[in-house]
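Structural characterization, general
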Amino acid sequence: MARCGDISNDDDDMHPAAAGMADGVHLLGFSDEILLHILSHVPSTDLILNVRRTCRKLAALCLDKSLIHTVLLQKDYQASEDKVRQLVKEIGREIQQLSMAGCYWLPGSTVEHVARCRSLVKVNLSGCHLTSLRLSKMLSALQHLRSLAIDVSPGFDASQLSSECKATLSRVRELKQTLFTPSYGVVPCCTSLEKLLLYFEILDRTREGAILSGQLMVGQSNVPHYQNLRVFYARLAPGYINQEVVRLYLAVLSDRTPQNLHAFLISVPGSFAESGATKNLLDSMARNVALDALQLPKSWLNGSSLLQHMKFNNPFYFSFSRCTLSGGHLIQQVINGGKDLRSLASLNLSGCVHCLSPDSLLRKAEDDIDSSILETLVASCCNLRHLNLSAAHHHSSEGLGRHLCQLLARLRHLRSLSLPVCSVADSAPRADRAPAQPAMHAVPRGFGKKVRVGVQSCPSPFSGQAGPQPSSVFWSLLKNLPFLEHLELIGSNFSSAMPRNEPAIRNSLPPCSRAQSVGDSEVAAIGQLAFLRHLTLAQLPSVLTGSGLVSIGLQCQQLRSLSLANLGMMGKVVYMPALSDMLKHCKRLRDLRLEQPYFSANAQFFQALSQCPSLQRLCLVSRSGTLQPDAVLAFMARCLHVVMCHLFTGESLATCKSLQQSLLRSFQAERPALNVVIFPLLHEGLTDVIRDVPLVHLDEITLFKSRVAEEPPNLWW
């Protein structure tokens with residue numbers, strides 16, 4: 001929408017030149033309903049401060065309740081301080097729902113203007129800079145508020161909250177807190193809570209190296225109010241202190257379990273030992289509540305009969321990520337022997353290595369799955385929209401209609417799917433396929449020789465073996481899931497080199513042997529997905545030319561985010577020409593994450609990337625990789641929408657710092673949200689650098705993880 005084309009500022013609805021256009025093909029010739037739908041895709045700041053001033057008709061439509069009652073500023077990276085203040089001044093009293101999530105670039109003095117939006121019912125301020133006093137001032141003015149999302153940062157002091165602020169909090173029913181410091185935050189003031197979402201991002205040590213305590217400060221030990229709670233969700237970043245603090249929240253639940261609790265979810269990386277309080281809580285839940293969403297730490301479920309005592313009522317979300325749940329237990333205790341679970345919309349079995357086998361004690365990685373278990377799962381949960389089977393070896397045996405891909409093809413409602421690479425391999429070599437490359441030609445693991453990216457030609461993705469093979473089970477699966485929007489193919493043994501509160505990972509496990517038969521033709525098959533928006537491909541060792549990427553670029557025109565990691569042989573980057581060709585066609589691509597050892601981020605790469613006009617965020621992770629500073633600067637000058645540039649390579653600290661300073665000096669004034677991090681991947685100071693990255697970028701793109709069925713659908717906004 002280029003400022004409505006021929007629309008003028010005259011009182012007439014249509015510019016004279018446009019009035020002569022035949023049969024109402026001008027934009028303003030559409031009905032109000034169609035125009036409102038079009039305008040709903042325009043950022044609110046642009047809508048109110050620019051589009052509204054073009055003509056009388058649009059001035060009226062832009063103030064329609066459907067457009068101004070809900071204002072979303074998250075990822076509106078052009079929303080500067082002045083624009084946000086002017087927006088609030090003009091329509092603040094009409095706004096009922098406001099999301100400023102992740103607006104890290106706005107100062108607290110600007111966020112404080114939210115207090116003028118007196119009609120607010122729901123506000124999301126996660127990622128915004130707020131002190132206790134500013135929060136108190138804002139909430140004191142928002143008497144109609146019922147839903148609140150905030151960060152609790154070091155220095156937060158609940159004693160600074162005014163009585164008017166606490167009165168507002170007492171009426172809040174939904175609260176989302178991201179904790180960067182040990183604290184109850186505002187939970188003790190929220191006496192009417194029905195939904196509580198907690199994100200624990202507390203580091204074990206301060207920046208100065210002091211060890212933090214998990215005990216809450218004096219004055220923060222008020223007992224939270226959970227009696228009306230319906231949804232409890234806690235997601236923990238790695239770290240011992242996060243576990244200590246969440247135990248304090250859970251201790252209150254163990255004393256008296258809310259009778260209306262219907263969703264209980266705790267996401268913890270690694271192990272999280274049970275305590276007496278948590279055992280009491282689980283026993284109480286098994287006796288007193290019927291859940292429709294469940295996620296527990298793996299150590300709470302492993303070897304436990306807990307699931308068979310839990311009661312479920314029309315469940316819509318289950319996550320058993322990383323649990324040693326066997327197929328027998330899955331069928332008997334979760335699906336109840338084949339019980340109708342048509343209500344289940346999302347299922348996360350990531351890292352459940354035994355979930356498709358009858359016995360969890362005897363299974364080996366190379367063993368085949370039990371297709372009857374998967375068949376029961378598919379038949380019982382026929383309306384699944386999100387399914388995650390990644391981080392495990394799921395190998396199919398011989399037999400017509402027994403392959404994992406053939407069974408999953410029956411789930412016609414799937415919108416997101418995550419699979420291990422080895423699971424999509426045909427169960428036996430096909431005669432129409434070239435044999436896999438002999439092992440003697442593979443680059444030895446560990447050390448690799450830098451290879452200059454050449455200009456070798458890239459064969460057409462539709463010729464020979466590079467094209468989609470109708471006889472491939474993976475090709476058939478995607479043909480039967482034409483509306484899939486999110487696809488992940490991740491190697492069973494893949495681990496990212498980008499750390500999470502720890503040093504970078506320098507070694508990785510070799511790919512599964514079955515993944516050797518998954519290559520360019522399977523990647524090309526993804527081109528069938530016309531509605532694909534998010535794609536992740538990680539640890540595909542048999543990608544030879546990357547020609548399948550071109551098919552995706554040509555045909556998946558809705559692609560918004562792309563994550564590629566460790567494609568082809570580890571010591572070479574053989575798919576660069578194909579990637580360059582692909583990027584020419586990715587006109588809607590906003591996020592690109594590329595992780596590849598020995599990658600050369602040179603002028604050729606950044607020239608190709610410059611042809612993605614919608615690109616906003618770039619993350620490159622490359623052990624022993626190189627970059628050309630001049631090419632980066634030229635790329636940032638051409639791509640005016642890029643606001644995040646994270647480059648972690650093998651370059652020296654001096655080179656990285658110099659380039660980072662140059663980028664900030666050149667572009668930060670005109671891009672208020674610009675976030676640049678350029679740092680050596682294997683440097684010991686990387687952990688301190690990572691802690692300063694805005695959580696919205698760190699969580700969504702910088703850190704690699706499977707995102708399918710990571711959380712229940714529509715958990716918050």
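Each remark here, short or long, concerns the structure printed above.
Now for a look at the structure at hand. Note that the structure is a prediction, hence the values are computed from the model and not measured.

Counting its regular elements, the protein chain contains 25 helices and 22 strands. In the protein chain, which comprises 717 residues, the proportion classed as buried is 55%. Restricting the contact set of the protein chain to residue pairs at least 6 apart, pairs at least 24 apart contribute 78%. Summed over all atoms, the accessible surface of the protein chain reaches about 29900 Å², with 50% contributed by carbon and sulfur.

In this section: the side chain of Thr-649. Among the structural elements, Thr-649 can be located in strand β21 (residues 644–649). Here Thr-649 falls in the buried class, since its relative accessible area comes to 2%. Not counting residues up to four positions away in its chain, the partners in contact with Thr-649 are Leu-620, Ser-622, Gly-625, Leu-627, Phe-679, Pro-680 and Leu-681.

Attention now moves to the nonpolar core. Met-100, Phe-232, Phe-264, Phe-320 and Leu-408 are the most contacted members of the largest nonpolar core, which totals 198 residues. Ignoring sequence-local partners within four residues, the contact set of Met-100 consists of Leu-73, Val-84, Leu-106, Val-111, Val-114, Asn-124, Leu-125, Ser-126 and Cys-128. Counting residues in each nonpolar core, the second largest holds 16 residues, with Phe-648, Val-677, Leu-686 and Ile-701 among its members.

Looking now at the side chain of Thr-45. By secondary structure assignment, the location of Thr-45 is in helix α3 (residues 44–49). Looking at Thr-45, the relative accessible area reads 4%, which means it is buried. A polar side-chain atom of Thr-45 sits 2.8 Å from a polar atom in the side chain of Asp-76. Sequence-distant contacts of Thr-45, defined by excluding residues within four places in its chain, comprise Asn-50, Leu-73, Asp-76, Ala-79, Lys-83 and Leu-87.

All right, on to the pairing of strand β19 (residues 617–621) then. The buried count for β19 comes to five of five residues, which makes it a mostly enclosed element. Neither face of β19 is left uncovered, since the one carrying Arg-617, Cys-619 and Val-621 and the one carrying Leu-618 and Leu-620 both have all their residues buried. In the sheet, β19 pairs with β21 via five bridges, with the strands oriented parallel. Across the sheet, the residue bridging to Leu-620 is Leu-647, located in β21.

Another aspect to go through is helix α23 (residues 653–667). Between its first and last C-alpha atoms α23 spans 21 Å; for 15 residues at 1.5 Å apiece the expected length is 21 Å, and the two agree. Among the residues making up α23, those that are buried are Cys-656, Leu-659, Ser-662, Leu-663 and Phe-667. Across the axial projection of α23, the buried residues extend over an arc of 135°, all falling on one side. Exposed residues on α23 whose side chains face more than 90 degrees from its buried face are Ala-654 and Arg-665.

Time to look at unusual backbone geometry. The backbone of Lys-75 sits at a positive phi, close to 65°, despite the residue not being glycine. By the secondary structure assignment, Lys-75 is in the loop between β1 (70–72) and α6 (81–91). Residue classification places Lys-75 among the partly exposed positions, given a relative accessible area of 39%. Of note, Ser-624 is a non-glycine position whose phi angle comes to about 65°, a positive value. Residue position: Ser-624 is located in the loop between β19 and β20 (626–627). Given the relative accessible area of 28%, Ser-624 is considered partly exposed.

Turning to helix α14 (residues 327–334), its buried residues number three or more, namely Gly-327, Leu-330, Ile-331, Gln-333 and Val-334. Residues of α14 that are buried in the fold lie against α13 (306–309), β10 (311–319) and α15 (371–380). Looking at the residues trailing α14, positive phi occurs at Asn-336, about 55°.

Before going further, it helps to examine the pairing of strand β22 (residues 675–680). The buried fraction of β22 is high, at six of six residues. The alternating pattern of β22 places Asn-675, Val-677 and Phe-679 and Val-676, Ile-678 and Pro-680 on opposite faces, both of which are buried. The pairing of β21 with β22 spans six bridges and is classified as parallel. Bridge pairing in β22 links Phe-648 to Phe-679. Crossover handedness for the path β21 to α23 to β22: right-handed.

The N-to-C vectors of helix α19 (residues 547–555) and helix α20 (residues 576–583) enclose an angle of 5°; their axes lie 8 Å apart at closest approach. By the angle class used here, α19 and α20 are roughly parallel. Residues Ser-547, Leu-549, Val-550, Ile-552 and Gly-553 of α19 form the contact with α20, whose participating residues are Ala-578, Leu-579, Asp-581 and Met-582. Of the residues contributing to the contact of α19 with α20, the split by class is six nonpolar, two polar and one charged.

Cut-off values and rules
- Residues numbered from 1 in each chain as written.
- Predicted model: local features only at pLDDT ≥ 70, side-chain atom pairs only at ≥ 80, totals over all residues.
- Heavy atoms only, no water.
- Helix = DSSP H or I, 4+ residues; strand = E, 2+ residues; numbered from the N terminus.
- Buried < 20%, exposed > 50% of the residue type's maximum accessible area, 1.4 Å probe, protein only.
- Contact = heavy atoms within 4.5 Å.
- Areas by Shrake-Rupley, 256 points an atom, 1.4 Å probe, with all protein chains shown as cover.
- Core = buried A, V, L, I, M, F, W, Y, C linked by side-chain atoms within 4.5 Å.
- Polar contact = N/O pair within 3.5 Å; in protein donor to acceptor, adjacent residues only side chain to side chain.
- Pairing = 2+ DSSP bridges.
- Expected span 1.5 Å × (residues − 1).
- Arc of directions from axis to C-beta.
- Right-handed = clockwise from strand over helix to strand, strands pointing away.
- Axes fitted to C-alpha atoms, helices over the stretch in contact; angles between N-to-C directions.
- Parallel < 35°, antiparallel > 145°, perpendicular 65-115°, else oblique.
- Nonpolar A, V, L, I, M, F, W, Y, C, P; charged D, E, K, R; others polar.

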